Amino acid sequence: MGKILKNAIVTFLVLALGTSTAFLAYLHFFASDGRKLSGEWTAEIDMTEQAAVRAFDWLRDIEGVSVSPEEVKSCMQGLTIQVNMTMEQTARFEGTFHCAVLPDSYDACNQEAYEALAGEFRELVGQRLRMAGYEGDTDQDAVEALTAETFGMSTVSYLMSCGPALLPSLEELQAQYDGSGVYEAAEEMLIREFETAGTVIRKEERYIRKENGLILLEEAGASSSDLFFDQYPIVYTLQQ
């Protein structure tokens, strides 16, 4: 009886040890995957809201016409700039990174924003001309021709030269997103350190890694007033 009990205890201990070993192996090889961030990541930063607000503030100053924020925003959709981030793991939860705004995507977004503003501007100018008793044609093409005749350039070019700044400058965005340095992933926090203009910058952001997605959330305790503009959460997608 004692021998049977002893064998049962030994068997239980062996099974328990095997289970705990398997669990530890799972934690090491699978549960820690959330901190494995190596790869090329891409985020599309939405600029629609900011561009629409700036466009509305400028358009509403046109004498004799009315426009709503909703009308302006409806013509400005899908305005995004692309941010690329490459991360290379060098230790278990550490590595190097390089992050940069894609200039071509900035130029394309800026052009699209002004084309949208030009359409709304031509519509409002047409309204203003009709209110003033103008008897000529006031459709979009006619207003475009009047703009070219008056200013010697297209409506889009005129707005880019004399209208509002719809987006932050590329330099401002680069100051917000660009950087190369080292990172550490610890306790659901992504800590990045890099040097710019002789100053070491440290960013601490909460993050969620899910399949091919990396979501960066506002750093703990940060105030939106400390940021150039609040774009959190930032969603990066792993490029295959």
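Analysis parameters
Residues numbered from 1 in each chain as written. Predicted model: local features only at pLDDT ≥ 70, side-chain atom pairs only at ≥ 80, totals over all residues. Heavy atoms only, no water. Helix = DSSP H or I, 4+ residues; strand = E, 2+ residues; numbered from the N terminus. Expected span 1.5 Å × (residues − 1). Buried < 20%, exposed > 50% of the residue type's maximum accessible area, 1.4 Å probe, protein only. Arc of directions from axis to C-beta. Contact = heavy atoms within 4.5 Å. 1 Å grid on protein atoms, 1.4 Å probe; cavity = no way out; pocket = protein on both sides within 12 Å on 5 of 7 lines; lining within 4 Å. Points joined across faces, edges and corners; volume = space filled by probe spheres on them. Nonpolar A, V, L, I, M, F, W, Y, C, P; charged D, E, K, R; others polar.

1. Some points on helix 5 (residues 140-151)
In this model, helix 5 (twelve residues) spans 16 Å end to end at C-alpha, consistent with the 16 Å of a helix rising 1.5 Å per residue. Burial in helix 5 covers these residues: Ala 142, Val 143 and Thr 147. Down the axis of helix 5, the buried set is contained in an arc of 140°. They therefore lie on one face. Residues of helix 5 that are exposed and point over 90 degrees away from its buried face: Asp 141 and Glu 149. Among the structural elements, helix 4 (103-131) and helix 6 (155-162) are those in contact with the buried residues of helix 5. Positive backbone phi, approximately 70°, marks Gly 152, located one or two places after helix 5.

2. As for the layout of surface pockets
What the largest pocket holds in volume is close to 190 Å³. Lining the largest pocket we find Ile 62, Phe 121, Val 125, Arg 128, Leu 129, Val 143, Leu 146, Thr 147, Thr 150, Phe 151 and Tyr 158. Listed by contribution, the elements that provide at least two residues to the lining of the largest pocket are helix 4 and helix 5. The element that contributes the greatest number of residues to the lining of the largest pocket is helix 5, accounting for five residues. Of the residues in the lining of the largest pocket, the class split is eight nonpolar, two polar and one charged.

This is a description of form; function is not addressed.
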